[in-house]
Amino acid sequence: MSPSSTDAYFPSVPKIAYEGPKSDNPLAFKFYDENRVIGQKTLKEHLRFAVCYWHTFCGDGSDPFGMGTWQRPWAEHADPMDRAKAKMDAAFELFVKLGAPFYVFHDRDMSPEGSSVAESERNLRTLVELAKIKQQETGIKLMWGTCNLFSHPRYMNGAATNPDVNVIAHAAAQVKAGLEVTVELGGGCFVFWGGREGYSTLLNTQMKREIEHVGRFFEMARDYGRRIGFTGDFLIEPKPMEPSKHQYDFDAATAIGFLRRFDLHRDFKLNIEANHATLANHTFAHELQTAADAGMLGSVDANRGDYQNGWDTDQFPTDLYQIVEAMMIILENGGFTRGGLNFDAKLRRNSTDLEDLFIAHIGAMDAFAKGLEIAHRVIEDGRIPRLREERYRSFDSGVGKQFEDGELTLEQLADHAAKSGEPARTSGKQELIENIINQICFSGE
Ligand code: XLS
Ligand code: CA
Ligand code: CA
């Protein structure tokens with residue numbers, strides 16, 4: 001592989017430029033001008049976009065009912081290591097042309113599983129050495145690493161929650177190597193998504209034991225990571241189901257409770273995925289706010305689900321209204337530090353052109369650029385933050401303040417009801433707030 005062969009896989013795609021809202025060029029940004037400053041930061045610094053390795057370079061368009069539909073030139077090599085190297089060339093070509101500052105990967109996305117633990121690790125290290133060179137050449141950084149602990153048949157009953165300790169040992173080997181290479185590549189976070197860390201039926205499951213095992217496993221991973229110099233954030237990515245019927249990291253609230261129970265909350269935060277929120281019957285905003293309120297909003301898997309069906313469609317995010325609400329929470333939380341917006345999103349099966357990979361990312365980056373701009377304007381405008389503040393004014397002084405400060409007994413509070421009579425009705429102003437958001441959305445710059 002020649003690390004500088006940057007035009008081999010997408011020869012018809014130029015470096016994607018910002019051309020502004022009037023451009024009709026499908027291969028140009030309309031809103032994402034990476035150097036534009038909003039508030040104190042450039043769009044690039046605010047949004048911290050990452051491309052994911054798995055959907056973009058490993059996917060082939062297959063689904064449970066049909067084979068692959070995408071022809072990917074980098075997947076055509078017969079030898080798995082040659083394929084992995086070609087895939088990496090294609091990956092960095094896309095990152096550079098798209099202007100995405102970060103990428104994320106699972107160990108097995110980047111390099112093939114070998115016939116032994118040692119061979120798998122050797123394969124990974126070979127590819128990581130190449131990734132290091134590519135990162136140096138291009139300035140593209142690793143946002144997070146993770147391990148695929150759900151595809152291999154050995155993980156059919158889970159990884160860290162497997163009823164067989166010999167399987168957990170294999171997960172340990174993968175996570176140990178995964179942490180080492182994440183440190184080597186300078187990754188800011190390390191993610192755990194518990195795909196099969198759940199159950200199909202309680203009739204064969206000791207749930208309490210399995211949850212304690214995963215707590216213990218994370219503790220071991222945390223301790224090893226810290227020992228080898230990983231100073232970043234460990235992230236749990238909640239999802240309620242699929243592929244397990246029930247997943248233990250059901251949603252943000254469940255994962256936060258779990259982390260506190262096992263005293264992991266100082267080292268772990270959450271990676272919130274929009275589509276997983278949908279599957280948990282929450283909104284994306286709900287999951288972000290829950291994580292932010294706990295001081296645990298680490299990173300975001302930016303995609304979109306479908307409210308009409310119950311699976312993980314992982315569509316590219318284009319719903320501006322949902323993005324505005326998400327960006328308001330992210331901005332009010334102070335923005336990202338080590339995490340960012342990772343496009344854990346895939347093309348539709350019938351989007352078969354290679355350039356569709358660019359078109360999809362461009363649309364999502366534009367939508368977030370616009371969403372950030374609107375969210376910033378909503379916050380600067382001040383009406384909505386003020387309405388929210390005023391709604392809780394009764395707690396700023398008097399009995400409300402005493403209540404918040406823990407200075408009242410239940411009897412004293414009850415006494416207050418007797419004295420103050422029936423409270424005045426105060427409107428929640430939802431329609432007004434929605435109108436203000438629309439006014440700001442529709443009124444352009
Ligand atoms: C699957 C998850 C997965 C994680 C990384 O639904 O989204 O891709 O993001 O393991
Ligand atoms: Ca995800
Ligand atoms: Ca998903």
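Above this text you will find the structure in question.
The numbering scheme is per chain: residues are counted from 1 as the chain's sequence reads. To label them, take the chains in the order written and letter them from A, then take the ligands in the order written and number them from 1. Thresholds applied to this predicted model are a pLDDT of at least 70 for local features of residues and 80 or more for the giving and counting of side-chain atom pairs; totals over whole chains, interfaces and linings are not thresholded and use all residues. Note that the side-chain values use all heavy atoms of the structure and ignore hydrogens as well as water.

A. Examining the overall build of the chain more closely. Check the secondary structure of the chain and you find 16 helices and 14 strands. Atoms considered for the radius of gyration are the C-alpha atoms alone. The globule rule reads 2.2 Å times the number of residues to the power 0.38. Here the C-alpha atoms of the chain give a radius of gyration of 24 Å, agreeing with the 22 Å that 2.2 N^0.38 yields for 445 residues. Taking the principal axes of its C-alpha atoms as reference, the chain extends roughly 80 × 60 × 45 Å. When the accessible surface of the chain is split by element, carbon and sulfur atoms take 51% of a total near 21200 Å². Of the charged side chains in the chain, 49 are positive and 65 negative; the average position of the first set lies 2 Å away from that of the second. Helix and strand definitions follow DSSP, with helices as H or I runs of at least four residues and strands as E runs of at least two, each counted in order from the N terminus. Using the Shrake-Rupley algorithm and a 1.4 Å probe, accessible areas are obtained, with residue cover drawn only from the displayed protein chains. Charged residues are defined here as Lys and Arg on the positive side and Asp and Glu on the negative side; His and the ends of the chain fall outside this count. All charge positions are set by atom: Lys at NZ, Arg at CZ, Asp at CG, Glu at CD.

B. Main features of the coordination of the calcium ion (ligand 2). Counted as donors are N, O and S atoms no farther than 2.8 Å from the metal, or 3.2 Å for Na, K and Ca; water is not among the atoms, and sites may therefore look incomplete. Donor atoms from the polypeptide that bind the calcium ion (ligand 2) are Glu237 (OE), Glu273 (OE), Asp301 (OD) and Asp344 (OD), placed at 2.1 to 2.2 Å. Geometry assignment treats four donors as tetrahedral when all angles are between 85 and 135 degrees, treats four as square planar and six as octahedral when opposite donors are over 155 degrees apart and all others between 65 and 115, and treats everything else as irregular. Considering all six donor atoms around the calcium ion (ligand 2), angles at the metal cover 81 to 166° and the coordination shape is octahedral. For the calcium ion (ligand 2), the single-chain donor residues occur in sequence as E-x35-E-x27-D-x42-D. In this structure, the calcium ion (ligand 2) lies 4.3 Å away from the calcium ion (ligand 3), the two metals sharing Glu273 as a donor. Residue Glu273 is located in strand 12 (residues 268–273), and its partner Asp344 is located in the loop between strand 14 (341–343) and helix 12 (356–381); the two are separated by 71 residues in the primary sequence.

C. Structural detail: a negative patch on the surface. Each patch groups residues whose relative accessible area exceeds 30% and which form no salt bridge, using 9 Å between like charges and 5 Å between nonpolar side chains of Val, Leu, Ile, Met, Phe, Trp and Tyr. For salt bridges, the criterion is a side-chain nitrogen of Lys or Arg within 4 Å of an Asp or Glu carboxyl oxygen. Residues Glu389, Glu390, Asp396 and Glu404 make up a contiguous surface patch of negative charge. Locating Glu390 in the fold gives a position in helix 13 (residues 383–391). Each residue gets one of three labels from its accessible area relative to the maximum for its type: buried under 20%, exposed over 50%, partly exposed in between, using a 1.4 Å probe on protein chains only. For Glu390, a relative accessible area of 40% translates into the label partly exposed.

D. Quick peek at the packing of helix 3 (residues 80–98) against helix 12. Angles here are taken between N-to-C directions and fall from 0 to 180 degrees, while the axes themselves are lines fitted to C-alpha atoms, restricted in helices to the stretch in contact. One can describe the packing of helix 3 onto helix 12 by two numbers: an axis separation of 11 Å at closest approach and a directional angle of 40°. By the angle between their directions, the pair helix 3 and helix 12 is classed as oblique. Considering only the axes of helix 3 and helix 12, their crossing is right-handed. Between helix 3, through Leu94, Lys97 and Leu98, and helix 12, the contact on the second element is made entirely by Leu357, Phe358, His361, Ile362 and Met365. Gly falls in the polar group here, along with every residue not listed as nonpolar (Ala, Val, Leu, Ile, Met, Phe, Trp, Tyr, Cys, Pro) or charged (Asp, Glu, Lys, Arg). Residue composition of the contact of helix 3 with helix 12, grouped by class: six nonpolar, one polar and one charged. Roughly parallel covers angles under 35 degrees, roughly antiparallel covers those over 145, roughly perpendicular covers 65 to 115, and oblique covers all other angles. By definition, turning the near helix anticlockwise from the far helix through less than a right angle yields a left-handed crossing, and turning it clockwise yields a right-handed one. Note on contacts: a residue pair qualifies if any of its non-hydrogen atoms lie within 4.5 Å across the two residues.

E. Summary view of the site of ligand 1. Near ligand 1 the following residues occur: Trp54, His106, Trp193, Glu237, Lys239, Glu273, His276, Asp301, Asp312 and Asp344. A distance of 3.4 Å separates an oxygen atom of ligand 1 from a polar side-chain atom of Trp54. For ligand 1, an oxygen atom lies 2.7 Å from a polar atom in the side chain of His106. Expressed as a share of its isolated accessible area of 290 Å², the protein-covered part of ligand 1 is 94%. The nearness test applies per residue and asks whether one of its heavy atoms lies within 4 Å of the molecule or strand. Think of a polar contact as two N or O atoms within 3.5 Å of one another; within protein, one of them needs to be a possible hydrogen donor and the other a possible acceptor, and neighboring residues in sequence only count if both atoms come from side chains.

F. Structural context of the coordination of the calcium ion (ligand 3). Protein coordination at the calcium ion (ligand 3): the donors are Glu273 (OE), Glu273 (OE), His276 (NE2), Asp312 (OD), Asp312 (OD) and Asp314 (OD), at 2.2 to 3.0 Å from the metal. Counting residues between consecutive donors of the calcium ion (ligand 3) along the chain gives the motif E-x2-H-x35-D-x1-D.

G. The sheet that holds strand 6 (residues 102–106), seen in detail. The strand order around the closed barrel formed by eight strands is 5-6-7-8-10-12-13-14, and the pairing between neighbours is parallel. Here the strands of the sheet are splayed against their neighbours by 30° on average, with no regard to which way each runs. Bridge count for strand 5 (residues 49–52) against strand 6 is three bridges, and the pairing is parallel. Counted as the bridge partner of Val51 is Tyr103 from strand 6. The sheet contacts of helix 7 (residues 207–227) involve strand 8 (189–193), strand 10 (233–237) and strand 12, and relative to strand 10 the element is tilted by about 155°. Each pair of strands is called paired provided DSSP finds at least two bridges between the two strands.

H. A look at the pairing of strand 5. Residue alternation in strand 5 divides its side chains into two sets, Phe49 and Val51 and Ala50 and Cys52, and both sets are buried. Across three bridges, the pairing between strand 5 and strand 14 is parallel. Note on strand 14: the bridge partner recorded for Ala50 is Asn342.

I. Just the packing of aromatic side chains, in detail. Ring geometry is summarised as follows: Phe, Tyr and Trp rings, the Trp one being its six-membered ring, pair when their centres sit within 6.5 Å, and such pairs are stacked at plane angles under 30 degrees, edge-to-face over 60 and tilted between the two. Enumeration over the complete set of coordinates arrives at 28 aromatic pairs. For the ring pair Phe92 and Tyr103, a centre distance of 5.3 Å and an interplane angle of 65° mean the geometry is edge-to-face. Here Phe92, found in helix 3, pairs with Tyr103, found in strand 6; they are 11 residues apart in sequence, far enough to count as distant. The same class applies to Phe92 as to Tyr103, namely buried. Here Phe234 and Phe268 contribute two aromatic rings whose centre-to-centre distance is 5.1 Å and whose plane-to-plane angle is 20°, an arrangement assigned as stacked.

J. Expanded view of the pattern of salt bridges. Tallying each qualifying case throughout the model produces 29 salt bridges. In this structure, Glu129 engages Lys132 in a salt bridge whose closest nitrogen and oxygen atoms are separated by 3.1 Å. Pair noted here: Glu129 and Lys132 are both in helix 5 (residues 117–138), with a separation of three residues, about one helical turn. Given a relative accessible area of 39%, Glu129 falls into the partly exposed group. For Lys370, the salt bridge is made with Glu373, and the minimal N-O distance between the two is 3.4 Å. One end of the pair, Lys370, and the other, Glu373, are both in helix 12, three residues apart, so they sit about a helical turn from each other. Pair check on accessibility: Lys370 and Glu373 agree, each one buried. Put simply, Arg125, Glu129, Lys132, Lys176, Glu180 and Glu184 are held in one network by salt bridges that share partners.

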